[in-house]
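Given next are the chains, with one letter for each unit.
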Amino acid sequence: MRRRAPVGLWVAGVAMAALALVPAVYLCVRAVDADADAWGLLLRDRTWGLMGRTLGLAAAVTGCAALLSLPLAWLTARTDLPGRRLWTVLLCVPLAVPTFVSGYVLLAAFGVGGALEEPLTRWGLPVPPVYGFPGALLALTVSTYPYFFLALRAGLLSQDPAWLEGARSLGLTPARAFFRITVPLLRPAFASGALLVGLYVLSDFGAVALLQYDAFSRAIYVQYEGAYDRSYAALLGLALVSVTVGVLALELWLRGRAGYHRSAKGAARASSLVRLGRWRVPALLLCGAVVAVGVGLPVGILVYWGVQGLSVESGPMMGPAWNSVSASMLGAVAAVVGALPLAFLAVRYPSRLTVALERVSYAGYALPPIVLALSLVFLGVQAVPFLYGTLVMLVLAYVVRFLPQAVGVVRASLLQLNPHLPEAAASLGQPPSGVLRRVTAPLLRPGLLAGAALVFLTAMKELPATLLLAPIGFETLATRVWGATAEGRFAEAALPALVLMAVSTLGVGLLVSQEGSSSPS
Amino acid sequence: MVRLLLTSLVLTLASPALAAETLTVYSGRNEKLVGPLLKKFTEKTGVEVKVRYGETPQLAATLLEEGAKTPADVFFAQDAGALGALAKAGQLQALPKETLDKVDARFRSPQGVWVGTSGRARVVAYNTKKVKADTLPKSILGFTDAKWKGRLGWAPTNASFQSFVTALRLLKGDEAATQWLKGIQANAPRVYKNNSAIIEALGRGEIDAGFVNHYYLYSAKKNKADLPVANYFVAAGDPGALVNVAGVAILKGSKNTDAAKKLAAYLLDAEAQTYFAQETSEFPLVSGVKLAEGLPALDKVGSPDLDLSKLDDLRGTVKLLQDNGVL
């Protein structure tokens, strides 16, 4: 039986979808001004060649990030890996490293004359190629795998152990049970991770520009940076939006209509931990290697820069650190709250319309951040001038930009939640608020926290919107790092970049420690 | 936690209302470079200055988006092209004649809506361990020689490079510009994001020579004094000797025109011009100010005879770069 969604939910969902559409609407407004010349440029072969290269990179990064994240998520969520919490936090940190910093770090480490070139050659080891496809693949995989990692981990934590136990009792070996039961059940988490990683790669500019991989977002930047041509840039942006629509449709088709929640009676509970035994050492080595590249390498290079310029004055860090944390936390909370109606509508009341609303939240996600920032300048000046130049505007920008990250993870968790549980609670006389507080919210907690962690970390490093939309004088750690690297003053960038990573680690540590009862320990 | 966040939110919302005479500046120039100067201006005149720092093209796009409703009074840009784009959109107002007249006509808007505050010359930076200065060609056009194959670096997405190509087109024609681009492309140059990345790469020995603006070397040397990189000025009058400017303009939407005019005048004051010469190693545009050590006189650099406001014709340049597969 189809039930109708409450009106309030509809209103909230439609409002969030409308907000997410602002960048696309802005691009349409600008594209109207485009002349025949601009259309001619758009339809050249080169545009499509660039699009092909960019999609290829996005697919490769998505594949690598997925392969890397599955074992990491399983190890930290389901096994007795020593120091699980700490590994979880450290494995998330690369998300907070701005891509322009990871690009510089790779160059400083492996480039010609870089810090690691000489020692590697001396030991007869190959120096990895940093420019072009391999460099871009490495840099982007390292900075995006946490999207998968957090989504898969939230999926594993909220998965009902009864499935796996059932399979085991039917005689499947642990390995076969894992691949036949656990992994297929993670399909929504994989889908949400793949969308976030793939679309993020389409939008990235910092890493591909530094590592000399010619990608689509660069073509858009060129129009703003060099030609001040907003109408041709808008056409290119719309091309990216249509690719996003294609990717979303493909994902929807691949996802299918399977149910993922438990249907048997009894309460969901935490899984028991798998004992690693002699696999403990290889497991630790894997986690260690990923953390070494994603965290150790940047920290090492940053410390190296910092030591070279110890005399350099970096200025007080407390103000920018506090600004970064408060704006990113507000953004994280707002994005998760905004994601709830969209995820609820699509999962609990599935129809073409509700699924479309949920999909719409991704509309601007593949756009280079500068386009998003300018679209909010447009919205702010035209529609809400009283908010323009205030912190509210910046938080709004974070919500529009990062809403898909929250929607993806929340939706994946919601799919694993049996709708009969809240219904049963309601039939036992709980008011809706009680159902939400006592049943739904606790069960959704891993997903909500993972979504908040994702948004928090990515907002910490956000740049164009922070520069253009924050209140004037609102300095964050990311803008501080940018200010120093923009003029090539690396020694000065080191300290704020290290503080950025440290504060992000603390923030994620706080969120992971809140996983509480749903995480076996 | 939540309470603290809310308090900071309220404070941030309330703060703009507190100050009396405040000037809002959008600065495409780095805070480290111009922040101290703007502070001196406040000390001298009592006018509070609030600055939004960003990248020149992005701030120009923001100003175009904001239109007449912009909260900005002044745009301090790194490049004449950005000022030209805003002038073309009719968003700038005329500057006082006495301010304009301090600067040579070559370095200001012919309509009088922006004025250059400091000069930035195009140079060829080279690795001193790998290249002898006397083997470098007299003209930028000489770098199409096959002996430079695999040794060059450039930043074709960078605004200052594109301004140079625009100058090349205006001075020598589209055909010559195309030939130059093709010649350089044939030498398989490494592509960098910006000028500092080129200087870095030169220091590492990744390339032998690169096309940059003259002052990036000075800030890199502040970090690392023994960097084996030097600037080479091509012959006077060559398109490669182009001197572009950082400049200032007052927005039409400004509500503090008087204070904005004070700032524009101050940036051409002897104190400010000396600051640019000494702190940012740029060329002062007002005569009688001492240059940074090692810089040739501006007349000697011999920027080609060109109306800088025409550098806003970037559409054709970007198209040329795209048609030749550079972008």
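Residues numbered from 1 in each chain as written. Chains lettered and ligands numbered in written order. Predicted model: local features only at pLDDT ≥ 70, side-chain atom pairs only at ≥ 80, totals over all residues. Heavy atoms only, no water.

**Description of the overall build of chain B**
- Counting secondary structure elements, chain B contains 13 helices and 11 strands.
- Taking 2.2 N^0.38 as the reference for a compact globule, 327 residues should give roughly 20 Å; the C-alpha atoms of chain B span a radius of gyration of 21 Å, in line with that estimate.
- In terms of its C-alpha atoms, chain B occupies a principal-axis envelope of roughly 65 × 50 × 40 Å.
- Among the 327 residues that make up chain B, the fraction classed as buried is 62%.
- Restricting to contacts in chain B with at least 6 residues of sequence separation, those with at least 24 account for 75%.
- A total of about 12,600 Å² of accessible surface is found on chain B, and carbon and sulfur atoms cover 53% of it.
- Charged side chains in chain B number 41 positive and 33 negative. The centres of these two groups are separated by 4 Å. (Helix = DSSP H or I, 4+ residues; strand = E, 2+ residues; numbered from the N terminus. Rg over C-alpha atoms; globule rule 2.2 N^0.38 Å. Buried < 20%, exposed > 50% of the residue type's maximum accessible area, 1.4 Å probe, protein only. Contact = heavy atoms within 4.5 Å. Areas by Shrake-Rupley, 256 points an atom, 1.4 Å probe, with all protein chains shown as cover. Lys, Arg positive; Asp, Glu negative; His and termini not counted. Charge placed at Lys NZ, Arg CZ, Asp CG, Glu CD.)

**Some thoughts on the confidence of the model for chain A**
- In the predicted model, chain A carries a mean pLDDT of 85, and the fraction of residues at 70 or more is 93%.
- Low pLDDT (under 50) marks residues 517-521 of chain A, which in the prediction has 13 contacts with non-local residues, meaning those over four places away or in another chain. (pLDDT = per-residue confidence, 0-100.)

**Overview of the environment of S413(A)**
All names here are of chain A.
- Tracing the sequence through the fold places S413 in helix α19 (residues 391-415).
- Between the alpha carbons of S413 and A283 there is a distance of 26 Å; along the sequence they are 130 residues apart.
- Excluding residues within four positions of it along the chain, S413 makes contact with L444 and G447.

**What to know about the packing of aromatic side chains**
- Counted by the stated rule, this structure contains 19 aromatic pairs over all chains.
- Their ring planes at 50° and their centres at 5.0 Å tell us that F143(B) and W148(B) sit as a pair that is tilted. Each of the two residues, F143(B) as well as W148(B), counts as buried.
- Measuring from ring centre to ring centre gives 5.3 Å for W154(B) and F161(B), while their planes differ by 70°; the resulting arrangement is edge-to-face. In this pair, the class of W154(B) matches that of F161(B), namely buried.
- The structure contains a cluster of three or more aromatic residues connected by ring pairs, namely F143(B), W148(B), W154(B), F161(B), F164(B), W180(B) and F211(B).
- Its guanidinium or amino end placed over the ring of Y213(A), R53(A) lies 4.5 Å from that ring's centre, counting from NZ or CZ. (Phe/Tyr/Trp six-rings, centres within 6.5 Å; stacked < 30°, edge-to-face > 60°. Lys NZ or Arg CZ within 6 Å of the ring centre and 35° of its normal.)

**Comments concerning a nonpolar patch on the surface**
Residue and element names in this part refer to chain A.
- The grouping of L21, V25 and V29 at the surface amounts to a nonpolar patch, some 210 Å² of accessible area in total.
- Take V25: it is sitting in helix α2 (residues 22-31).
- Residue classification places V25 among the partly exposed residues on the basis of a relative accessible area of 45%. (Patch = residues over 30% accessible without salt bridge, like charges linked within 9 Å, V, L, I, M, F, W, Y side chains within 5 Å. Salt bridge = Lys/Arg side-chain N within 4 Å of Asp/Glu carboxyl O.)

**A closer look at the interface of chain B and chain A**
- Taken together, the contact between chain B and chain A spans 59 residues of the former and 62 residues of the latter.
- Around 5,500 Å² of area is buried between chain B and chain A when both sides are counted, 57% of it from carbon and sulfur atoms.
- Together, R52(B), E65(B) and R315(B) form the three largest contributors to the area buried by chain B at its contact with chain A, with a combined 14%.
- Inspection of the region where chain B meets chain A yields 3 salt bridges.
- Of the charged contacts in the structure, one is a salt bridge between K32(B) and E492(A), with a shortest N-O distance of 3.6 Å.
- It is helix α3 (residues 56-66) of chain B that provides the largest number of residues to the side of chain B that touches chain A, a total of 10 residues. (Buried area = accessible area lost by both parts, 1.4 Å probe.)

**Points about the side chain of Q91(B)**
All names here are of chain B.
- One can find Q91 in the loop between α4 (80-88) and β4 (92-93).
- At 2.9 Å, the side chain of Q91 forms a polar contact with the backbone oxygen of L63.
- In this structure, Q91 is in contact with L63, L64, G67, L86, I250, L251 and K252, ignoring residues within four places of it in sequence. (Polar contact = N/O pair within 3.5 Å; in protein donor to acceptor, adjacent residues only side chain to side chain.)

**Let's talk about the pattern of salt bridges**
- Under the defined criterion, the tally for this structure stands at 22 salt bridges over all chains.
- E65(B) is the partner of R30(A) in a salt bridge, and the nearest nitrogen-oxygen pair spans 2.3 Å. Remark: E65(B) occurs in helix α3 and R30(A) occurs in helix α2; the pair is interchain, linking two chains. The two residues R30(A) and E65(B) agree in class, both being buried.
- For the salt bridge of E358(A) with R411(A), the shortest nitrogen-to-oxygen distance reads 3.7 Å. In this pair, E358(A) sits in helix α17 (residues 352-360) while R411(A) sits in helix α19, placing the two residues 53 residues apart along the sequence.
- The exposure class assigned to E358(A) is buried, which follows from its relative accessible area of 1%.
- Overlapping salt bridges bring together R30(A), D33(A), R230(A) and E65(B) as one network.

**A few points about the UniProt feature "binding site: Fe cation" (unreviewed entry) in chain B**
Residue and element names in this part refer to chain B.
- Sites flagged by UniProt as "binding site: Fe cation" (unreviewed entry) map to Y215 and Y216.
- Along the polypeptide, Y215 turns up in the loop between β8 (209-213) and α9 (216-223).
- Setting aside residues no more than four positions away along its own chain, Y215 makes contact with R120, T280, S281 and E282.
- For Y216, the position within the fold is in helix α9.
- Y216 sits in the buried class, given a relative accessible area of 10%. (UniProt positions renumbered as here; feature names shortened; annotations may be inferred.)

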